[in-house]
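Results of the structural survey
Single-letter residue listing:
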Amino acid sequence: MLTGRQIKEARSLLGLSPSQLATMTGILRPATVKRAEAANMKQPIADAHMRTIRETLEALGVEFGPDGVRLRRSEV
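Going by the annotation in an unreviewed UniProt entry, the name recorded for the protein is Transcriptional regulator, with Lichenibacterium ramalinae given as the source organism.

1. Some details on the pairing of strand β1 (residues 62-65)
Covered by surrounding structure in β1 are Val 62 and Phe 64 only, the residues Glu 63 and Gly 65 on the alternate face being uncovered. Direction of pairing for β1 relative to strand β2 (residues 68-71): antiparallel, over a ladder of 4 bridges. Residue pairing across strands places Phe 64 opposite Val 69, the latter belonging to β2. Counted between consecutive antiparallel strands, the loop separating β1 from β2 contains 2 residues.

2. As for the nonpolar core
Counting 16 residues, the largest nonpolar core has Ile 7, Leu 21, Ile 53, Leu 57 and Phe 64 as its most contacted members. Mapped by element, the contributors of at least two residues to this core are α1 (4-14), α2 (18-25), α3 (30-38), α4 (47-59) and β1. Looking at this core, the element that brings in the most residues is α4, giving 3 residues. The residues touching Leu 57, leaving out its near neighbours within four places in the chain, are Ile 7, Ala 10, Arg 11, Leu 14, Leu 21, Val 62 and Phe 64.

3. Some points on the side chain of Thr 56
Among the structural elements, Thr 56 can be located in helix α4. In this structure the side chain of Thr 56 is engaged in a polar contact, spanning 2.8 Å, whose partner is the backbone oxygen of Thr 52. With sequence-adjacent residues up to four places away left out, Thr 56 is seen in contact with Leu 21, Met 24 and Thr 25.

The rules behind these values
Residue numbers here run from 1 along each chain, matching the order of that chain's written sequence. Since the coordinates come from a predicted model, pLDDT governs what is reported: local features require at least 70, and pairs of side-chain atoms require 80 or more to be given and counted, while whole-chain, interface and lining totals use all residues. Water and hydrogen atoms were dropped before computing side-chain values, which therefore reflect all heavy atoms in the structure. Three labels apply to residues, based on accessible area from a 1.4 Å probe with only protein chains included: buried if under 20% of the type maximum, exposed if over 50%, partly exposed otherwise in between. Helix and strand labels come from DSSP, where a helix needs a run of H or I of at least four residues and a strand needs a run of E of at least two; each type is numbered from the N terminus. Following DSSP output, two strands are said to pair if at least two bridges run between them. Throughout this description, the term nonpolar core refers to a set of buried Ala, Val, Leu, Ile, Met, Phe, Trp, Tyr and Cys residues connected via side-chain atoms within 4.5 Å. Residue contacts are counted whenever heavy atoms from the two residues lie within 4.5 Å of one another. For this analysis, a polar contact is any N or O atom pair within 3.5 Å, provided that within protein one partner can donate a hydrogen and the other can accept it, and provided that sequence-adjacent residues contribute only side-chain to side-chain pairs.

Below, the structure written as structure tokens:
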């Protein structure tokens, strides 16, 4: 389960605003991203939106793990 804190940390690592993340996910309202970030353990938005946010952040190189949120290392 993705938490609001994880979403906010991941967005911050990527240097994205809530509006930018909303645009990238296809979510029409940035307020939806903000509601997701404000949530503690409850999920205040639709499962489909949470899934889309997670998939988008992972596609951008974010890894969610037991030790927190980090950017995937690039293999150069």
